[in-house]
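# Tertiary structure, described
Listed below are the residues making up each chain.
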Amino acid sequence: MEGTPRSWSDIPLELAGLVFRCLIAPGDRVRFAAVCPQWRSAAQQAPLPLPLLALKDGTFYSMPRGEPLHVPGCDDGFVTASGNWLVYNHLHCFLLVDPFSGATMTLPAPPSMDAPHSRNFVLVKLIVCSPHLIAALFEDDCDFQIAVCRPGTSSWSVAQEQHMWILDIAFYQEKLYAINYLNDLLALDISVDDNTGDPHVARIERVIRIGCYRGYTDYLTTFYLIESRGSLLMVHRNIFHGHIHDGGQIHTFAKQCKPELAVFEADFRQSRWSKLMTLGDDQALFLGPCSRAVCVPRCDLQDKRVWFMGDYKNDVLNMIPLSGTDDIVIRKFSCPLPMISWRDHNGRAGAVWLFPLN
């Protein structure tokens with residue numbers, strides 16, 4: 001005699017968690033968590049999903065196997081991404097769209113539209129720090145400007161007395177940080193106007209002073225500022241000038257020319273950068289216009305520990321995935337993801353990492 005049919009909620013949490021991790025689309029993850037309280041608990045205990053490689057035609061590629069996923073309504077040409085948001089530049093505002101939940105957020109137009117005689121500002125990076133604070137790095141010809149705002153407001157507040165050549169920004173432990181070309185680390189204190197509620201940069205402090213350029217004249221160097229496991233990291237990526245073809249394309253790396261990757265941790269007590277020799281077995285770095293460290297089981301990415309896009313400011317740049325061992329030795333490996341241009345002919349991002357929420 002057959003027994004009473006068992007409920008789906010009777011599946012052990014560990015098994016439900018394994019099923020949940022196989023779901024690539026965030027929409028499927030939402031539906032999974034809505035089945036019952038037990039499955040919702042399994043979803044909450046699971047690590048955050050790996051990022052998607054998002055292309056401007058609306059095609060997303062899952063990690064690490066590279067299955068294509070077409071998302072309707074995302075083929076209008078985004079400017080960049082920030083976490084789970086795609087960023088679109090409309091005529092009088094930036095529009096942020098979560099392609100899976102459908103949530104939107106409106107931000108002011110670039111600062112140049114607020115100042116009549118200003119040069120053209122191009123968005124380099126945008127960070128959604130909190131529901132009430134947005135930070136952005138803009139490029140104004142050869143200069144870089146940090147600006148902050150709150151969603152729904154009419155203008156950006158551009159930081160005054162900025163140090164030249166800001167290369168990247170990150171939000172770490174409730175504070176905004178930036179690095180310049182000297183590898184100095186700058187901390188920006190954000191204050192809020194009591195009357196309007198609008199944020200502005202009240203003070204800039206140099207918390208790590210290097211004072212000299214650490215790059216090499218024979219290399220193109222890209223810098224990233226990224227949080228990982230409660231630490232603030234600075235990543236250097238060097239590419240030898242002689243191994244870049246006309247038009248900016250990087251040819252196959254020979255044994256004598258490996259891309260150099262170096263990772264440093266901010267030591268706030270000693271006011272210095274400390275070089276790291278390992279990332280940890282369950283850490284993967286995704287570097288690009290929207291960088292993030294992701295905690296993943298080693299089996300998910302095997303030895304593919306560092307993924308980056310060719311974003312060193314040239315016209316034609318290929319996404320090249322790399323792997324790193326414990327001593328951060330780098331080697332190229334085959335990858336199912338497409339070889340695409342990170343920037344289009346107008347200098348905007350042609351593909352980005354998108355980090356969906358659980």
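Please refer to the structure placed before this passage.
Attention here is on the structure that accompanies the text. Predicted model, so just to flag it, every value in this text is computed and none were measured.

Vacant regions in the atomic arrangement are exposed by a probe of water-molecule size rolled over the atoms. Taken as a whole, the second largest pocket encloses approximately 480 Å³ of empty space. Lining the second largest pocket are 22 residues, with Ile127, Val128, Phe171, Ser291 and Arg292 positioned closest to its centre. Those elements that provide at least two residues to the lining of the second largest pocket are strand 4 (80–82), strand 8 (121–130), strand 12 (166–172), strand 16 (219–228) and strand 21 (292–295).

It is worth spelling out the sheet that holds strand 3 (residues 68–70) at this point. Strand order in the open sheet formed by four strands is 3-2-1-25, and the pairing between neighbours is antiparallel. At either margin of the open sheet sits one strand with a lone partner, and together these are strand 3 and strand 25 (351–354). Each neighbouring strand pair of the sheet contributes to a mean axis angle of 30°, computed without reference to strand direction. As paired strands, strand 2 (residues 59–61) and strand 3 are joined by three bridges and run antiparallel to one another. Bridging from a neighbouring strand, Tyr61 pairs with Pro68 of strand 3.

So, on to the sheet that holds strand 14 (residues 185–192). Pairing in this open sheet of four strands is antiparallel, and the strands run 12-13-14-15 from one edge to the other. Pairing within the sheet leaves two strands with one partner each, and these edge strands are strand 12 and strand 15 (199–208). In this sheet, neighbouring strand axes are inclined to one another by 25° on average, regardless of whether the strands run parallel or antiparallel. Direction of pairing for strand 12 relative to strand 13 (residues 175–180): antiparallel, over a ladder of six bridges. Its bridge partner lying in strand 13, Ile166 is registered against Asn180.

Turning next to the pairing of strand 19 (residues 272–276). In the sheet, strand 18 (residues 260–267) pairs with strand 19 via five bridges, with the strands oriented antiparallel. Each residue of the ladder has a partner; that of Glu265, found in strand 19, is Ser274. Between the antiparallel neighbours strand 18 and strand 19 lie four residues, among them Ser271 with a positive phi of about 55°.

Evaluated as defined, the whole model comprises seven salt bridges. Among the salt bridges present, the one from Glu205 reaches Arg203, with a minimum N-O distance of 3.5 Å. Here Arg203 falls in the partly exposed class, since its relative accessible area comes to 46%. The salt bridge partner of Arg272 is Asp267, with a shortest N-O separation of 3.8 Å. Several salt bridges converge on common partners, so that one network encompasses Lys175, Asp189, Arg203 and Glu205.

Attention now moves to a nonpolar patch on the surface. Among the surface-exposed residues, Leu15, Leu18 and Val19 lie close enough to one another that they form a single nonpolar patch of about 250 Å² accessible area. If you trace the backbone, Leu18 turns up in helix 1 (residues 13–21).

As a further point, take the packing of aromatic side chains. A full pass over the atoms with the stated rule returns 12 aromatic pairs. Ring plane angle 80° and centroid distance 5.3 Å describe the contact between Phe138 and Trp156, whose orientation is recorded as edge-to-face. With a gap of 18 residues between them, Phe138 in strand 9 (residues 133–140) and Trp156 in the loop between strand 10 (143–149) and strand 11 (157–158) connect regions that are remote in the sequence. Here the two residues Phe138 and Trp156 agree in accessibility, since each one is buried. Ring plane angle 20° and centroid distance 6.2 Å describe the contact between Phe286 and Trp307, whose orientation is recorded as stacked. Residue Phe286 is located in strand 20 (residues 283–287), and its partner Trp307 is located in strand 22 (residues 306–309); the two are separated by 21 residues in the primary sequence. Take Phe286 and Trp307: they sit in the same class, and that class is buried. The ring of Phe355 carries Arg292 above its face, with NZ or CZ at 4.6 Å from the centroid.

Let's shift gears to the packing of helix 1 against helix 3 (residues 37–45). Taken N-terminus to C-terminus, the directions of helix 1 and helix 3 make an angle of 65°; their axes are 9 Å apart at the nearest point. Judged by the twist between their axes, the crossing of helix 1 over helix 3 is right-handed. Seen from helix 1, the contacting residues are Leu13, Ala16, Gly17 and Phe20; seen from helix 3, they are Gln38, Ser41, Ala42, Ala43 and Gln45. For the contact of helix 1 with helix 3, the per-class residue count stands at five nonpolar, four polar and no charged.

Relative to the helices and strands, Thr153 is located in the loop between strand 10 and strand 11. One polar contact links Thr153 to Asp198, side chain to side chain, over a distance of 3.4 Å.

With that settled, consider helix 1. Along an α-helix, residues three or four positions apart point the same way, because every turn accommodates 3.6 residues. Listed in full, the buried residues belonging to helix 1 are Ala16, Gly17 and Phe20. Here the buried residues of helix 1 occupy an arc of 105° about the axis, which is enough to place them on one side.

Let us now look at unusual backbone geometry. What is expected of a backbone is that most residues other than glycine have negative phi and most peptide bonds are trans. Unusually for a residue other than glycine, Glu174 sits at a positive phi of about 65°. Position of Glu174 relative to the elements: it lies in the loop between strand 12 and strand 13. According to the relative accessible area criterion, Glu174 is exposed, its value standing at 69%. In this structure, Arg229 is a non-glycine residue whose phi angle is positive, near 55°. Within the secondary structure, Arg229 is located in the loop between strand 16 and strand 17 (231–240).

Calculation notes
Residues numbered from 1 in each chain as written. Predicted model: local features only at pLDDT ≥ 70, side-chain atom pairs only at ≥ 80, totals over all residues. Heavy atoms only, no water. 1 Å grid on protein atoms, 1.4 Å probe; cavity = no way out; pocket = protein on both sides within 12 Å on 5 of 7 lines; lining within 4 Å. Points joined across faces, edges and corners; volume = space filled by probe spheres on them. Helix = DSSP H or I, 4+ residues; strand = E, 2+ residues; numbered from the N terminus. Pairing = 2+ DSSP bridges. Axes fitted to C-alpha atoms, helices over the stretch in contact; angles between N-to-C directions. Salt bridge = Lys/Arg side-chain N within 4 Å of Asp/Glu carboxyl O. Buried < 20%, exposed > 50% of the residue type's maximum accessible area, 1.4 Å probe, protein only. Patch = residues over 30% accessible without salt bridge, like charges linked within 9 Å, V, L, I, M, F, W, Y side chains within 5 Å. Areas by Shrake-Rupley, 256 points an atom, 1.4 Å probe, with all protein chains shown as cover. Phe/Tyr/Trp six-rings, centres within 6.5 Å; stacked < 30°, edge-to-face > 60°. Lys NZ or Arg CZ within 6 Å of the ring centre and 35° of its normal. Left-handed = near helix turned anticlockwise from the far one by under 90°. Contact = heavy atoms within 4.5 Å. Nonpolar A, V, L, I, M, F, W, Y, C, P; charged D, E, K, R; others polar. Polar contact = N/O pair within 3.5 Å; in protein donor to acceptor, adjacent residues only side chain to side chain. Arc of directions from axis to C-beta.

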